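# Structural overview
Residues per chain, in single letters:
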Amino acid sequence: MLYWTSWSAFFAMGGYGLYVWGSVLVCALGWITEISLLRRQRQALLHHLRRVEFARGLDKENS
Amino acid sequence: MTLTSFYLTVVRRDLLLAWQQRGDLLVGLIFFVLVASLFPLAIGPEPQLLSRVGPGVLWVAAMLANLLALPRLFIADWQDGTLEQLMLAPAPPSIMVAGKLSAHWLTTGLPLALVAPVLGVQYGMDGDSILMLVASLLLGTPTLSALGSIGAALTLGVRQGELLLALLVLPLYAPILIFGSGAVAAVGAGLTGYAELYLLAAIMSASVFLAPWLAAMALKLAVE
Amino acid sequence: MAISEHPQHEGGPRWFRLFHFASPYQFYPLAGKLAPWFASAAALLALTGLWMGFAVAPIDAQQGEGYRIIFLHVPTSWMAMFIYVVMAFWSIVHLVWRTRLSAMMAQSLAPTGALMAFLSLVTGSLWGKPMWGTWWVWDARLTSMLLLFFLYLGFISLTRSIDDPERADRAGSVLALVGVFNIPVIHFSVKWWNTLHQGASVSVSKGSSMATTMLIGMLLLALAAWMYSIAMTLVRVRVLILQREAHTRWVRELIAQEGD
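Reading guide: rules and limits
Residues numbered from 1 in each chain as written. Chains lettered and ligands numbered in written order. Predicted model: local features only at pLDDT ≥ 70, side-chain atom pairs only at ≥ 80, totals over all residues. Heavy atoms only, no water. Helix = DSSP H or I, 4+ residues; strand = E, 2+ residues; numbered from the N terminus. Rg over C-alpha atoms; globule rule 2.2 N^0.38 Å. Buried < 20%, exposed > 50% of the residue type's maximum accessible area, 1.4 Å probe, protein only. pLDDT = per-residue confidence, 0-100. Contact = heavy atoms within 4.5 Å. Phe/Tyr/Trp six-rings, centres within 6.5 Å; stacked < 30°, edge-to-face > 60°. Lys NZ or Arg CZ within 6 Å of the ring centre and 35° of its normal. Salt bridge = Lys/Arg side-chain N within 4 Å of Asp/Glu carboxyl O. Polar contact = N/O pair within 3.5 Å; in protein donor to acceptor, adjacent residues only side chain to side chain. Nonpolar A, V, L, I, M, F, W, Y, C, P; charged D, E, K, R; others polar. Core = buried A, V, L, I, M, F, W, Y, C linked by side-chain atoms within 4.5 Å. Expected span 1.5 Å × (residues − 1).

## Let's talk about the overall build of chain B
Each helix and strand in chain B was counted, giving 10 helices and zero strands. Its helices and strands taken in sequence order, chain B reads α-α-α-α-α-α-α-α-α-α from the N to the C terminus. In summary, chain B has a C-alpha radius of gyration of 18 Å against a globular reference of 17 Å for 224 residues, a match within 12%. Reported as C-alpha extents along the three principal axes, the dimensions of chain B are approximately 55 × 30 × 30 Å. Going through the 224 residues of chain B one by one, you find that 52% of them count as buried.

Okay, structure coming up:
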């Protein structure tokens, strides 16, 4: 099943290792960045909305 | 007022306004000549190189000059409220846009095409190539104005509008650039360049037909 | 300009039920439930696809091991193009039916599409470098992808630059529509330009036939990219919904409950 016979051959990729693994790395970085940016955006928004809600509650108390 | 007379009124009005500020038109032409003159400074004066890059460089310079003139289409009228009035006219707004487009081309694209031969000579292009350059510009610049008008309408009043306009519109210009400069290069290589001209004409007919309607849609957003 | 977001179509034809989910209020929880499924599907398909492509598939006769980059390049290219079409679809829906959610969907798709286009360019460049010796090759597909990337950036910039949400939505939709009409023209013209100038070409050589394992690997990874894009879009549209509907009662109740 497996095409490769050894780990070193796998990493070397017949001399193209830099390009093949470079591509894998860039794609992985891209997707991970997108996911974490989205997560941060969502959490920042929730945090902001909670504070607005809290402030509204305070306003109601004081008025 | 019939549609045609409305159209002609808009064209006449825009032409009159442009004539009153003919300095602006001149600046556009000077920009064209200036950019075309900068390239040899950057890549060297070798005649063979220049005649090879001539079609491409001149086309890019014409495109950029056209791009700079695009905001002129709507901004002045939008700022003083005339645009809103025009859109309230009993004729469909797309006719108004078509009128403005025609006037814009007459004051931007047409002069560029007419000045191009002088620059062609500067780049050592032969007579046939220069002829094709003018022809391709005549067929291509209406599309540039048409697509550009959609961009101008979308970015009307938006902050950093002019840079945004460039970002929106330049990728769409790529096919016209390819066929326009391709036609001239073909002639330089001994071919006729007619295929590229036909394609330019086809693109022009489609965009000139559709753009006023799309630009009017975008204008409604800016005016509301 | 109030648009009814809860159409009373109780007795209407079945397809009206679709409009039920056109309301951000209805779609928000649905998207929340669906997203994890798509994410897991993406992960599973990606792992099996990578296994097939990198561990099992044999070497390419002409390009050596370097060809394996296509397992990343092709899925990202396909997604970049597919996402733009879907974006245009939602834009048309928005222009015709004026539903806010369709515009939000289009705007949620754009960043993922832009990322896919960018990754397609980078992987394409890395693929071309060992073959042509340069970091960038003016290949027809890469150049088209570059222009598509700019189209994405234009859409994102435009929708973010306009403050009025309704105007931003409609402007974006018009732009996406113009873009989608232009994409075939751009593809055709770039292909023309490339063959005319006998440019370089980055692709699997016509001579080699694709081994079954290669095809399976590529399909799995393409599906993985698709599932991933759907998951990302669903999460992003939820954020956009919260942002845009922040003033409504259901959002405020949601926030007050500290749940989501």
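So much for the structure itself; the text now carries on.
## As for the confidence of the model for chain B
When pLDDT is averaged along chain B, the result is 92, and 100% of the positions lie at 70 or above. When mean pLDDT is compared element by element in chain B, helix α8 (residues 127-154) of chain B scores highest at 95, while helix α5 (residues 82-88) of chain B scores lowest at 88.

## Notes on the confidence of the model for chain C
Residue and element names in this part refer to chain C. Confidence along chain C averages 85 in pLDDT terms, with 87% of residues attaining 70 or more. Highest mean pLDDT in chain C belongs to helix α2 (residues 70-97) (94); lowest belongs to helix α7 (residues 249-256) (86). The low-confidence segment residues 1-11, where pLDDT is below 50, has 10 contacts with residues more than four positions distant or belonging to other chains. Our summary of model confidence lists the complex with pTM equal to 0.89 and ipTM equal to 0.88.

## Examining the packing of aromatic side chains
All told, the structure shown has 17 aromatic pairs over all chains when counted by the stated rule. Ring centres of Tyr25(C) and Trp250(C) lie 5.3 Å apart, and the angle between their planes is 55 degrees; on these two criteria the pair is classed as tilted. One end of the pair, Tyr25(C), is in helix α1 (residues 24-56); the other, Trp250(C), is in helix α7, and 225 residues separate them in sequence. Its relative accessible area of 16% is what places Trp250(C) among the buried residues. When the centroid spacing of 6.0 Å and the interplanar angle of 35 degrees are considered together, the rings of Phe118(C) and Phe149(C) count as tilted. On the criterion of sequence distance, the pair formed by Phe118(C) in helix α3 (residues 100-132) and Phe149(C) in helix α4 (residues 140-161) is long-range, its members being 31 residues apart. Judged by relative accessible area, Phe118(C) falls into the partly exposed class, the value being 40%. Ring pairs connect the aromatic residues Trp21(A), Phe54(C), Tyr67(C) and Phe71(C), which therefore count as one cluster. Positioned above the aromatic ring of Trp19(B) is the side chain of Arg22(B), whose terminal nitrogen or guanidinium carbon lies 4.3 Å from the ring centre. When the ring centre of Tyr28(C) is taken as reference, the NZ or CZ atom of Arg238(C) above it lies at 4.1 Å.

## Here we look at unusual backbone geometry
The backbone phi angle of Gln160(B) is positive, close to 60 degrees, even though this residue is not glycine. You can call Gln160(B) exposed: its relative accessible area is 61%. One non-glycine residue, Arg98(C), lies in positive phi territory at about 55 degrees. For Arg98(C), the location among the structural elements is in the loop between α2 and α3. Owing to a relative accessible area of 38%, Arg98(C) belongs among the partly exposed residues under this scheme.

## Some points on the interface of chain C and chain A
Each partner contributes residues to the interface: chain C has 41 residues there, and chain A has 29 residues. Applying the counting rule to chain C against chain A returns two salt bridges. Among the ionic pairs, Arg252(C) bridges to Glu53(A), the shortest N-O distance being 3.7 Å. The tally of links from chain C across to chain A stands at four residue pairs in polar contact (both at pLDDT 80 or more). Residue composition of the side of chain C that touches chain A, grouped by class: 26 nonpolar, seven polar and eight charged.

## Here's the deal with the arrangement of the chains
Looking at the two pairs of chains with contacts, the pair that accumulates the most is chains A and C. A gap remains between chain A and chain B, with no contact made and the closest C-alpha atoms lying 23 Å from each other.

## As for the nonpolar core
Residues and elements named next belong to chain B. Core analysis: the largest hydrophobic core is formed by 118 residues, its most contacted members being Phe74 and Leu219. The leading source of residues in this core is helix α9 (residues 161-188), at 14 residues. Ignoring sequence-local partners within four residues, the contact set of Phe74 consists of Leu83, Val97, Lys100, Ser149, Ala152, Ala153, Leu156 and Leu219.

## Side note on the pattern of salt bridges
Residues and elements named next belong to chain B. Across all of its chains, the model carries 10 salt bridges over all chains by this definition. The partner of Asp77 in a salt bridge is Lys100, with the nearest N and O atoms 2.6 Å apart. Within this pair, whereas Asp77 is found in helix α4 (residues 75-79), its partner Lys100 is found in helix α6 (residues 93-107), the two being separated by 23 residues in sequence. Relative accessible area serves as the criterion here: at 1%, Lys100 is assigned to the buried category. The structure contains a network of salt bridges with shared partners spanning Arg13, Asp14, Asp77 and Lys100.

## So, the environment of Gly120(B)
All names here are of chain B. Assignment of secondary structure puts Gly120 in helix α7 (residues 109-122). Residue Gly120 is classed as buried on the basis of its relative accessible area, which comes to 0%. On a C-alpha basis, the gap between Gly120 and Val187 in space is 13 Å, while along the polypeptide they are 67 residues apart. If we ignore the near neighbours within four places in the chain, the residues touching Gly120 are Leu58, Met125 and Ile130.

## With respect to α2(C)
Relative to the 40 Å expected for 28 residues at 1.5 Å per residue, α2(C) spans 40 Å between its end C-alpha atoms, a close match to the ideal helical length. Phi turns positive, to about 55 degrees, at Arg98(C), one or two residues after α2(C).

## Section: the environment of Phe31(B)
Residues and elements named next belong to chain B. By the element assignment, Phe31 lies in helix α2 (residues 22-43). When the C-alpha atoms of Phe31 and Ala65 are compared, they prove to be 6.3 Å apart, with 34 residues separating the residues in sequence. With sequence-adjacent residues up to four places away left out, Phe31 is seen in contact with Leu64, Ala65 and Leu68.

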